[in-house]
Amino acid sequence: MGRMHSKGKGKSSSALPYKRTAPSWCKATATEVTEQITKLARKGMTPSQIGVLLRDSNGIPQVSSITGSKILRILKGTGLAPELPEDLYFLIKKAVSIRKHLERNRKDKDGKFRLILVESRIHRLARYYKRVRKLPPNWKYESATASTLVS
């Protein structure tokens, strides 16, 4: 599937290992990993940041192979999951920063065009999350109140 607002086809991606069990060299237990995840979430890290930190610093390749559930599901179980999905949050953050840039640089026509593209992505993603019930049905993106969502 191609990109939404560019020419790229996006063929490259990392492949998960075929075996779903934890590798023999990984000595971390499920309780240790869940404790680390909750501790990092309390510090304010996003689920993807937690996964990268566990992989790079602690040598935990796949959280789901060790614990049996993914990082976001562990966070939902402990009540530490973010209220907005991560990808939607970062799109809103990008739109807020573009809007802030446009307030200073009113003649930036390309910036205005890119803001329209980012906001259309936000609307499309919000429509999907409403459909799968990750967002409430009355949730609406408004540019005036968007800066309070990402602060």
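Predicted model, so just to flag it, every value in this text is computed and none were measured.

Asks: Help me understand the overall build of the protein chain in this model?
Replies: A count of helical and extended segments in the protein chain gives 7 helices and 0 strands. When the helices and strands of the protein chain are listed from N to C terminus, the series reads α-α-α-α-α-α-α. The dimensions of the protein chain, computed from C-alpha atoms along their principal axes, are 60 × 35 × 30 Å. Burial statistics for the protein chain: of 151 residues in total, 26% are counted as buried. Averaged over its 32 positive side-chain charges, the protein chain has a centre that lies 7 Å from the centre of its 11 negative ones.

Asks: Explanation requested: helix H4 (residues 71-78) in the structure shown.
Replies: An α-helix turns once per 3.6 residues; consequently, residues spaced three or four apart project the same way. Ile 71, Ile 74 and Leu 75 are the residues of H4 that are buried. Buried residues of H4 fall within an arc of 100° about the axis and therefore sit on the same side. Turned more than 90 degrees away from the buried face of H4 sit Arg 73 and Gly 77, all of them exposed. Elements in contact with the buried residues of H4: helix H1 (30-42), helix H2 (47-58) and helix H3 (63-67). Positive backbone phi, approximately 80°, marks Gly 79, located one or two places after H4.

Asks: Please explain the nonpolar core as it appears in this structure.
Replies: Generally speaking, soluble globular proteins have nonpolar side chains that are buried together. Residues Leu 88, Ile 92, Ile 122, Leu 135, Trp 139 and Tyr 141 are the most contacted members of the largest nonpolar core, which totals 18 residues. Sorting the residues of this core by element identifies helix H5 (86-104), helix H6 (109-131) and helix H7 (146-150) as the ones contributing at least two each. The residues contacting Trp 139, other than those within four sequence positions of it, are Leu 84, Leu 88, Ile 92, Ala 126, Lys 130 and Leu 149. One finds Val 33, Ile 37, Ile 71 and Ile 74 within the second-largest nonpolar core, a separate group that totals 13 residues.

Asks: Would you explain the packing of H1 against H2 in this entry?
Replies: Where H1 meets H2, the axes come as close as 10 Å, and the angle between the chain directions of the two elements is 125°. The angle between the axes of H1 and H2 places the two elements in the oblique class. The way H1 lies across H2 gives a crossing that is right-handed. Contact residues: Val 33, Gln 36, Ile 37, Leu 40 and Ala 41 in H1; Ile 50, Leu 53, Leu 54 and Asn 58 in H2. Counted by class, the contact of H1 with H2 contains 7 nonpolar, 2 polar and no charged residues.

Cut-offs used in this document
Residues numbered from 1 in each chain as written. Predicted model: local features only at pLDDT ≥ 70, side-chain atom pairs only at ≥ 80, totals over all residues. Heavy atoms only, no water. Helix = DSSP H or I, 4+ residues; strand = E, 2+ residues; numbered from the N terminus. Buried < 20%, exposed > 50% of the residue type's maximum accessible area, 1.4 Å probe, protein only. Lys, Arg positive; Asp, Glu negative; His and termini not counted. Charge placed at Lys NZ, Arg CZ, Asp CG, Glu CD. Arc of directions from axis to C-beta. Contact = heavy atoms within 4.5 Å. Core = buried A, V, L, I, M, F, W, Y, C linked by side-chain atoms within 4.5 Å. Axes fitted to C-alpha atoms, helices over the stretch in contact; angles between N-to-C directions. Parallel < 35°, antiparallel > 145°, perpendicular 65-115°, else oblique. Left-handed = near helix turned anticlockwise from the far one by under 90°. Nonpolar A, V, L, I, M, F, W, Y, C, P; charged D, E, K, R; others polar.

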